Amino acid sequence: MKSVHHSIESKFSIPKIPEQLIPRPHLLHLLHDYKKKRMTLVSSPPGYGKTIAIAQWVETLVNAKTAWISLDTNDDNPSLFFHYLIDAFNKLFPDSFSAIRNYIESMPVLHSKEIIVRFISVLDTLSDTVVLIFDDYHVIEDVSIHEALHFFIKHKPETVHVCLVSRNDPPMPLRRFRVNDEMIEIRKHQLKFSKNEMKLFFKNFNSVSGNENDLKLVRCKKRLLSRTFSLFASK
């Protein structure tokens, strides 16, 4: 039976960066050579600013397209997961991946590897650099999705870089990527605020006025403060 999925547009939206967000050049430096790597893994417990850090990085990218997919527990389903993957690329390259989407919808039984092989064959015809970001990848538990994504990372064209933002390491055999220096890793100790960053945070926190936008910023900073202060204190 043919299954039709309709994507939620907000899942492809890159998070907006607050105007007074603390610049974190050391994280951008870690990501500088991403084109030479297969993937990036940003892994830490909640509250370390993983998503915002990658959103900041995306803003600095030059001559590269970004396919951003925000995941939730409902996406722990191979059919839905692959639909979002294909739709994210269809937004960058209109109609280039429509045939694969139709193929997925017509499959009585989903064959993840076959989908990835077809996906890679289309990517091989494109010359653009693309950064593919899965935010909150930790919600994915389906083994077939992990296996398919690992296969994709191994065999994708060099023009595509995969970034996984997660609360824990994905259950994939990543050792080979580490040994071959094919992966960038950003951990909680790199995401922690330095002393200078914390000073700047408090300076910005105390410099807001009473207008509505600044009050929204204060509320945002209070949430950030509750998460980051203990991280700073543990240094």
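For the structure itself, look to the data block above.
Our subject in this report is the structure included herewith. All of these numbers come straight from a predicted model, not from anything done at the bench.

Overview of the pairing of strand 1 (residues 39-43)
Within strand 1, five of the five residues are buried, leaving the element largely enclosed by the surrounding structure. Neither face of strand 1 is left uncovered, since the one carrying Met-39, Leu-41 and Ser-43 and the one carrying Thr-40 and Val-42 both have all their residues buried. Pairing of strand 1 with strand 4 (residues 160-166) involves five bridges; the strand directions are parallel. Bridge pairing links Leu-41 to Leu-164 in strand 4. Judged from the four bridges that link them, strand 1 and strand 5 (residues 183-186) form a sheet pairing that is parallel.

Quick notes on helix 4 (residues 98-106)
Those residues of helix 4 not exposed but buried are Ile-100, Arg-101, Tyr-103, Ile-104 and Glu-105. Tucked into the core, helix 4 has its buried residues touching helix 3 (78-92) and helix 5 (112-123).

Let's talk about the packing of helix 3 against helix 4
It is at 9 Å that the axes of helix 3 and helix 4 come closest, and there the two elements cross at 165°. Comparing the axis directions of helix 3 and helix 4 gives the class roughly antiparallel. For helix 3 against helix 4, the interelement crossing comes out left-handed. Contact with helix 3, carried on its side by Phe-82, His-83, Ile-86, Asp-87 and Asn-90, involves Ser-98, Ile-100, Arg-101, Ile-104 and Glu-105 of helix 4 and no other residues of that element. Its residues placed into classes, the contact of helix 3 with helix 4 shows four nonpolar, three polar and three charged.

Regarding unusual backbone geometry
With a phi angle near 75°, Asp-95 is a residue other than glycine that sits in the positive phi range. Structurally, Asp-95 can be placed in the loop between helix 3 and helix 4. The backbone of Asp-181 sits at a positive phi, close to 55°, despite the residue not being glycine. Tracing the chain through its elements places Asp-181 in the loop between helix 7 (175-179) and strand 5.

Considerations on the pattern of salt bridges
Overall, the coordinates contain 12 salt bridges when judged by the stated rule. Put simply, Asp-169 and Arg-187 hold a salt bridge, and the shortest N to O gap is 2.6 Å. Here the residue Asp-169 occupies a position in the loop between strand 4 and helix 7, and Arg-187 occupies one in the loop between strand 5 and helix 8 (188-191), the gap between them amounting to 18 residues. Salt bridges here are not isolated pairs; linked through shared partners, they connect Asp-169, Arg-178, Glu-185 and Arg-187.

Some points on the pairing of strand 4
Most of strand 4 is tucked away: seven of the seven residues are buried. Judged by which residues are buried, strand 4 turns out to be covered on both faces: Val-160, Val-162, Leu-164 and Ser-166 on one side and His-161, Cys-163 and Val-165 on the other are all buried. Of the crossover connections in this fold, the one passing from strand 3 (residues 130-135) over helix 6 (residues 143-155) to the parallel strand 4 is right-handed.

A word on the packing of aromatic side chains
Applying the stated rule across the entire model yields 10 aromatic pairs. Aromatic pair Phe-89 and Phe-97: ring centres 5.6 Å apart, planes at 65°, arrangement edge-to-face. For the pair shown, Phe-89 and Phe-97 are each scored as buried. Look at Phe-119 and Phe-152: their rings are 5.4 Å apart centre to centre, the planes differ by 35°, and that puts the pair in the tilted class. Linking Phe-119 in helix 5 with Phe-152 in helix 6, this pair joins segments that are 33 residues apart in sequence. Taking the relative accessible area as the measure of exposure, Phe-119 reaches 0% and is therefore buried. Each residue in the set Phe-89, Phe-93, Phe-97, Phe-119 and Phe-152 is aromatic and connected to the rest through ring pairs, giving one cluster.

A closer look at the sheet that holds strand 2 (residues 65-70)
If you trace the five strands from one edge of the open sheet to the other, you get 2-3-4-1-5, paired in parallel fashion. The outermost strands of the open sheet, each flanked by one partner alone, are strand 2 and strand 5. Taking each pair of neighbouring strands and ignoring which way they run, the sheet shows an average axis angle of 15°. Bridging between strand 2 and strand 3 involves six bridges; their strand directions are parallel. Along strand 3, the bridge assignment pairs Ser-70 with Asp-135. Against the sheet, helix 2 (residues 50-60) makes contact with strand 1, strand 2, strand 3 and strand 4, and its axis sits at roughly 155° relative to strand 4, the strand it touches most.

About the criteria used
Residues numbered from 1 in each chain as written. Predicted model: local features only at pLDDT ≥ 70, side-chain atom pairs only at ≥ 80, totals over all residues. Heavy atoms only, no water. Buried < 20%, exposed > 50% of the residue type's maximum accessible area, 1.4 Å probe, protein only. Helix = DSSP H or I, 4+ residues; strand = E, 2+ residues; numbered from the N terminus. Pairing = 2+ DSSP bridges. Contact = heavy atoms within 4.5 Å. Axes fitted to C-alpha atoms, helices over the stretch in contact; angles between N-to-C directions. Parallel < 35°, antiparallel > 145°, perpendicular 65-115°, else oblique. Left-handed = near helix turned anticlockwise from the far one by under 90°. Nonpolar A, V, L, I, M, F, W, Y, C, P; charged D, E, K, R; others polar. Salt bridge = Lys/Arg side-chain N within 4 Å of Asp/Glu carboxyl O. Right-handed = clockwise from strand over helix to strand, strands pointing away. Phe/Tyr/Trp six-rings, centres within 6.5 Å; stacked < 30°, edge-to-face > 60°.

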